[in-house]
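# Per-entry structural report
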Amino acid sequence: MDNFAKFLSSSCYICSRRKTDVICDRCFNSLIPTSERFSLDIALYKYNETASKILLMSKYPPYNFYILKYLIRRPILDFSFTANTLLCPIPISSLKMFERKFNQADLISTEFAKKLGVSSHEILKRKTDTKPLFSLGKRQRELELEDIFCTTRLGKFLANKFQNIVLVDDLRTTGETLRQAKQALATAGYKDVKSLTLFTT
Ligand SMILES: [Zn+2]
């Protein structure tokens, strides 16, 4: 049975109760929407136990990333971007790409782009692979991520076309990954880069 067929089953992917949608209303309602919309960094939901389960299911076999898309499709978004906005997913390491065959930030970015009527394209690349970050403290994370991104050739070319760039990722924790990505884009001439994540701690 493929991943999609599993979603058509009648039990919730998170709690196994009976459901009528991708996940049951109880699990969906256990996600807490964030309210702040005035900063440069927007997140849809607060990171909690349900969010953690969803992220684990999306990142490790059997890679149930359909729930991530559902969490973008279901709510009415209370923010928008101008038409000349480009969403840019945070690139993953080549090792993760080899194992997973997809970048979950790219899936999220594409889904947001569809819903918001803007474009999505990866205009950043990683110069080197990093260690897993979850076990690292704040300072170690900073050192590990320092100067890790650079803009792709297309990214440099597009700097004159898209004034508004929004970085997209699944989760914002310390914000260090986004800060490094913003710095790389600033070097290529992109100013006031925003971010959009599914979850934030
Ligand atoms: Zn449920």
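Refer to the preceding data block for the structure.
Here we summarise the structure given alongside this text. (Residues numbered from 1 in each chain as written. Predicted model: local features only at pLDDT ≥ 70, side-chain atom pairs only at ≥ 80, totals over all residues. Heavy atoms only, no water.)

## Structural notes on helix H6 (residues 104-116)
- Taking 1.5 Å per residue, 13 residues should reach 18 Å; H6 reaches 18 Å between its end C-alpha atoms and fits that length.
- Within the span of H6, buried status applies to Gln 104, Ala 105, Ile 108, Ser 109, Glu 111, Phe 112, Ala 113 and Leu 116.
- With a side-chain oxygen positioned 2.9 Å from the backbone nitrogen of Ala 105, the residue opening H6 is Asn 103.
- One or two positions beyond H6, positive phi appears at Gly 117, with a value near 70°. (Helix = DSSP H or I, 4+ residues; strand = E, 2+ residues; numbered from the N terminus. Expected span 1.5 Å × (residues − 1). Buried < 20%, exposed > 50% of the residue type's maximum accessible area, 1.4 Å probe, protein only. Polar contact = N/O pair within 3.5 Å; in protein donor to acceptor, adjacent residues only side chain to side chain.)

## Thoughts on the packing of aromatic side chains
- In total, this model carries 6 aromatic pairs according to the counting rule given.
- Arranged with centres 6.1 Å apart and planes meeting at 40°, the rings of Tyr 45 and Phe 199 form a pair that is tilted. Pair noted here: Tyr 45 is in strand S1 (residues 41-46) and Phe 199 is in strand S7 (residues 194-200), with a separation of 154 residues, a long-range link.
- By relative accessible area, which is 3% here, Tyr 45 ends up buried.
- Where Tyr 63 meets Phe 102, the ring centres are 5.6 Å apart and the plane angle is 90°; that geometry is what we call edge-to-face. Of this pair, Tyr 63 sits in the loop between helix H3 (49-59) and helix H4 (66-73) while Phe 102 sits in the loop between helix H5 (94-100) and H6, and the two are 39 residues apart along the sequence. We note that Tyr 63, like Phe 102, is buried.
- Three or more aromatic residues link up through ring pairs in this structure, and these residues are Phe 28, Tyr 45, Tyr 70 and Phe 199. (Phe/Tyr/Trp six-rings, centres within 6.5 Å; stacked < 30°, edge-to-face > 60°.)

## Overview of the packing of helix H7 (residues 138-145) against helix H9 (residues 176-187)
- Where H7 meets H9, the axes come as close as 10 Å, and the angle between the chain directions of the two elements is 30°. It follows from the interaxial angle that H7 and H9 lie roughly parallel. The chirality of how H7 crosses H9 is right-handed. On H9, the residues touching Arg 141, Glu 142 and Leu 145 of H7 are Glu 176, Thr 177 and Gln 180.
- Each residue belonging to the contact of H7 with H9 can be placed in one class, and the counts come to 1 nonpolar, 2 polar and 3 charged. (Axes fitted to C-alpha atoms, helices over the stretch in contact; angles between N-to-C directions. Parallel < 35°, antiparallel > 145°, perpendicular 65-115°, else oblique. Left-handed = near helix turned anticlockwise from the far one by under 90°. Contact = heavy atoms within 4.5 Å. Nonpolar A, V, L, I, M, F, W, Y, C, P; charged D, E, K, R; others polar.)

Keep in mind that these numbers describe shape and distance, not what the molecule does.
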